[in-house]
Amino acid sequence: MTAGTAQAPTILDDAIVQHAEEALETVGRAREAIHTVIFGQEDVVDLSLITLLAGGHGLLVGVPGLAKTKLVETLGAVLGLDARRVQFTPDLMPSDIIGSEILDEGADRRRSFRFVKGPVFAQLLMADEINRASPRTQSALLQAMQEHHVSVAGERHDLPQPFHVLATQNPIEQEGTYPLPEAQLDRFLLQIDVGYPGREAERRILIETTGVDERKPSTVMSADGLMNAQRLVRRLPVGESVVEAILDLVRSARPESEAISGVSDKLLWGPGPRASQALMLAVRARALIEGRVAPSIADVAALAEPVLKHRMALTFAARADGETISNIIARLTARLGA
C-alpha cells in the first residue's frame with residue numbers, strides 16, 4: 001500500500017460508485033444466504049465477510065459447538081469457493097497439509113516423481129483447532145498464508161486464487177496445544193471472537209436443526225466475483241481523518257507510546273505496521289457491506305479490537321492486576337471520538 005492510495009479524491013469516480021452499488025447488492029444477498037443456515041451471530045458473519053472482502057485470513061476463537069465449522073462451510077458454498085477442512089492434531093505433518101512427492105512408475109517402467117497436492121490447495125481452507133499442530137506444521141501453513149505458494153523439493157507451487165484461511169481455536173482447553181507464535185498470529189487480518197447465541201437465536205437453532213430437512217445455502221457469488229470485490233475494496237477512498245485515526249490508534253498500542261498515561265507500561269509488545277494495513281483494508285470492507293463508499297472513524301473504532309487483540313500482549317504485572325487487552329483497546333479507542 002502506498003501513501004497515494006490513502007488519499008480521498010475530491011470527486012468519486014462514477015465507475016467506482018457503480019461497481020460499489022453492484023457489490024453491495026451481491027454482498028447483501030450473500031449475508032441473507034448465510035443467515036438461512038447460521039442463526040444469530042450477525043457480528044461474526046459480518047467480520048468473516050469483512051476478512052474475505054479485504055483479502056485476508058481470520059482466526060475464529062470460541063468454545064466448541066458454536067457453529068464455527070458450519071460457518072466456514074457455509075461461506076464456501078455461498079461465495080462459490082472451493083473449500084476444504086483440515087483437523088489439526090499433534091501428529092499432523094507439513095506434508096499432510098501442503099502435499100508431497102510420490103514415486104510413479106510408467107508403462108515403460110520409467111520412474112519419476114509426481115507432486116500430489118495437499119488440502120492447502122483450496123480457495124478457502126478451514127484449519128480446525130490450529131493450535132493443536134506442532135510448530136513445524138504451523139510454520140508450513142504460515143508460508144502459504146503469507147506468500148500464497150508452497151515449496152516442495154525446491155519447486156514452487158502456487159496456490160489457487162483467491163486463497164483464504166479461516167482457522168479455529170478453543171480459548172479454554174490449552175492442554176496439549178502449541179500456542180501460535182506472534183509471527184503467525186500477525187498473519188491473521190482479524191481475530192473473530194465467537195460467543196454464545198442469544199435466546200431467540202438458540203430457540204431457532206433447536207427448532208430448525210433437529211428436524212428431517214437440512215437447510216442448504218444457495219450460491220450467490222463466484223471466486224471471480226469475490227476477487228473483483230476485493231479489488232474494489234482497495235480502490236475505495238479513505239479520508240485523511242480516517243488515516244490519522246488508524247495511525248493514532250495503532251501507534252498508541254505500542255509499549256513505547258506515551259499517548260495515554262498508564263497504558264504503555266502494561267504492554268509487553270504491540271502491533272506493527274501490518275496492523276495498520278489490516279485496519280486500512282478492513283474499514284473499507286466494512287463500509288462496503290454497510291452501503292457506503294468510504295469508511296469513517298466509527299469503522300476504525302468498531303474494528304479496533306478484532307484487528308489489535310491478537311497483536312498485543314500484557315506484562316505479567318498487568319495480568320496479575322486483572323488488566324485485559326480488551327480494556328486497553330477500549331481506552332485507546334475512546335480517544336478517537338467516534
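Being a predicted model, the structure only gives us computed values, none of them experimental.

Novice: Looking at this model, I keep getting lost on the sheet that holds strand 8 (residues 164–169). Mind explaining?
Specialist: Backbone hydrogen bonds hold the strands of a sheet together, and the pairing may be parallel or antiparallel. Within the open sheet, the five strands sit side by side as 2-5-8-1-9. Their pairing is parallel. Two strands close off the open sheet at either side, each with one partner strand: strand 2 (83–87) and strand 9 (190–193). Along the sheet, successive strands turn relative to each other by an average axial angle of 20°, direction set aside. Each of strand 1 (58–61), strand 5 (124–128), strand 8 and strand 9 touches helix 2 (residues 42–53); the most contacted strand, strand 9, lies at about 165° to it.

Novice: I would appreciate a short explanation of the pattern of salt bridges in the present structure.
Specialist: Pairing between side chains of opposite charge can happen when the charged atoms of each approach one another. All told, the structure shown has 18 salt bridges when counted by the stated rule. Measuring nitrogen to oxygen at the nearest pair gives 2.6 Å for the salt bridge that ties Arg-274 to Asp-186. You can see Arg-274 sitting in helix 10 (residues 273–289) and its partner Asp-186 sitting in the loop between helix 6 (182–185) and strand 9, a full 88 residues away along the chain. Across the pair Lys-266 and Glu-323 runs a salt bridge whose closest N-O atoms are separated by 2.9 Å. Residue Lys-266 is found in the loop between helix 9 (240–252) and strand 10 (267–269), and its partner Glu-323 is found in the loop between helix 12 (316–320) and helix 13 (325–334); the two are separated by 57 residues along the sequence.

Novice: Explanation requested: the packing of helix 2 against helix 10 in the structure shown.
Specialist: How two helices pack is summed up by the angle between their axes together with the distance between the axes. Where helix 2 contacts helix 10, the two axes come as close as 9 Å, and the packing angle between them is 120°. Considering the angle they form, helix 2 stands oblique to helix 10. Two packed elements cross with a definite hand, and for helix 2 against helix 10 that hand is right-handed. In this structure, helix 2 uses Asp-46, Ile-50 and Leu-53 to contact helix 10, whose residues at the interface are Ala-282, Ala-285, Arg-286 and Ile-289.

Novice: Just to check I follow, could you spell out unusual backbone geometry for this structure?
Specialist: Glycine aside, the phi torsion of most residues is negative, and most peptide linkages are trans. Looking along the chain, the bond that leaves Gln-161 and enters Pro-162 is cis, with omega of -5°. Note on placement: Pro-162 falls in the loop between strand 7 (155–158) and strand 8. The phi dihedral of Glu-129 is positive, around 55°, even though this residue is not glycine. Topologically, Glu-129 is positioned in the loop between strand 5 and helix 5 (135–147).

Novice: Explanation requested: the packing of aromatic side chains in the structure shown.
Specialist: Inspection of every chain in the model, using the stated rule, returns one aromatic pair. When the centroid spacing of 5.9 Å and the interplanar angle of 70° are considered together, the rings of Phe-115 and Phe-121 count as edge-to-face.

Novice: Can you walk me through helix 2 in this structure?
Specialist: Because an α-helix completes one turn every 3.6 residues, residues spaced three or four positions apart along the sequence face the same direction. Taking 1.5 Å per residue as the helical rise, helix 2 with its 12 residues ought to reach 16 Å, and the 16 Å between its terminal C-alpha atoms agrees with that figure. In terms of burial, helix 2 is a largely internal element, 10 of the 12 residues being buried. When helix 2 is considered as a whole, its buried residues turn out to be Val-44, Val-45, Asp-46, Leu-47, Ser-48, Leu-49, Ile-50, Thr-51, Leu-52 and Leu-53. Positive backbone phi, at 80°, marks Gly-55, one or two positions downstream of helix 2.

Novice: Can you walk me through empty space enclosed by the protein in this structure?
Specialist: Picture a little ball the size of a water molecule; that probe, rolled over the atoms, points out where space is still empty. Applying the stated criterion across every chain yields a total of two cavities of 30 Å³ or more. Roughly 40 Å³ of internal volume is contained in the largest cavity. If you go around the largest cavity, the residues you meet are Ile-38, Gln-41, Val-44, Leu-66, Ala-67, Lys-68, Leu-71 and Val-194. Taken together, the residues of the lining of the largest cavity break down into six nonpolar, one polar and one charged. Counted as a void, the second largest cavity has a volume near 30 Å³. As for the second largest cavity, its lining consists of Val-27, Ala-30, Leu-49, Leu-52, Leu-53, Leu-79, Met-221 and Leu-226. Looking at the lining of the second largest cavity, the elements with two or more residues in it are helix 1 (14–35) and helix 2. No other element matches helix 2, which puts three residues into the lining of the second largest cavity. For the lining of the second largest cavity, a count of residues per class yields eight nonpolar, no polar and no charged.

Novice: I keep staring at the nonpolar core and nothing clicks. Help me out?
Specialist: A general trend in soluble globular proteins is that nonpolar side chains are found buried together. Counting 75 residues, the largest nonpolar core has Leu-75 and Leu-279 as the members making the most contacts within it. The biggest single contributor to this core is helix 10, with 10 residues. Once you skip the residues sitting within four places of it in the chain, Leu-279 turns out to touch Ile-246, Leu-249, Val-250, Val-300, Leu-303 and Val-307. One finds Leu-92, Ile-98, Leu-159 and Phe-188 within the second-largest nonpolar core, a separate group that totals 27 residues.

Novice: Looking at this model, I keep getting lost on the side chain of Ser-252. Mind explaining?
Specialist: Along the chain, the position of Ser-252 falls in helix 9. According to the relative accessible area criterion, Ser-252 is buried, its value standing at 4%. A polar side-chain atom of Ser-252 sits 3.0 Å from the main-chain carbonyl oxygen of Asp-248. Of note is the side chain of Ser-252, whose polar atom sits 2.8 Å from the backbone oxygen of Leu-249.

Novice: What should I look at first to understand helix 8 (residues 223–235) in this one?
Specialist: Under the 1.5 Å per step criterion, the end-to-end length of helix 8 is 19 Å for 13 residues, consistent within 8% with the ideal 18 Å. Of the residues making up helix 8, those classed as buried are Ala-223, Leu-226, Met-227, Ala-229, Gln-230, Leu-232 and Val-233. Contact partners of the buried residues in helix 8: helix 1, helix 2, strand 8 and helix 10.

Novice: Would you explain the side chain of Thr-315 in this entry?
Specialist: On the secondary structure map, Thr-315 appears in the loop between strand 11 (313–314) and helix 12. One polar contact links the side chain of Thr-315 to the main-chain amide nitrogen of Ala-318, over a distance of 3.2 Å.

Thresholds applied
- Residues numbered from 1 in each chain as written.
- Predicted model: local features only at pLDDT ≥ 70, side-chain atom pairs only at ≥ 80, totals over all residues.
- Heavy atoms only, no water.
- Pairing = 2+ DSSP bridges.
- Helix = DSSP H or I, 4+ residues; strand = E, 2+ residues; numbered from the N terminus.
- Axes fitted to C-alpha atoms, helices over the stretch in contact; angles between N-to-C directions.
- Contact = heavy atoms within 4.5 Å.
- Salt bridge = Lys/Arg side-chain N within 4 Å of Asp/Glu carboxyl O.
- Parallel < 35°, antiparallel > 145°, perpendicular 65-115°, else oblique.
- Left-handed = near helix turned anticlockwise from the far one by under 90°.
- Phe/Tyr/Trp six-rings, centres within 6.5 Å; stacked < 30°, edge-to-face > 60°.
- Expected span 1.5 Å × (residues − 1).
- Buried < 20%, exposed > 50% of the residue type's maximum accessible area, 1.4 Å probe, protein only.
- 1 Å grid on protein atoms, 1.4 Å probe; cavity = no way out; pocket = protein on both sides within 12 Å on 5 of 7 lines; lining within 4 Å.
- Points joined across faces, edges and corners; volume = space filled by probe spheres on them.
- Nonpolar A, V, L, I, M, F, W, Y, C, P; charged D, E, K, R; others polar.
- Core = buried A, V, L, I, M, F, W, Y, C linked by side-chain atoms within 4.5 Å.
- Polar contact = N/O pair within 3.5 Å; in protein donor to acceptor, adjacent residues only side chain to side chain.

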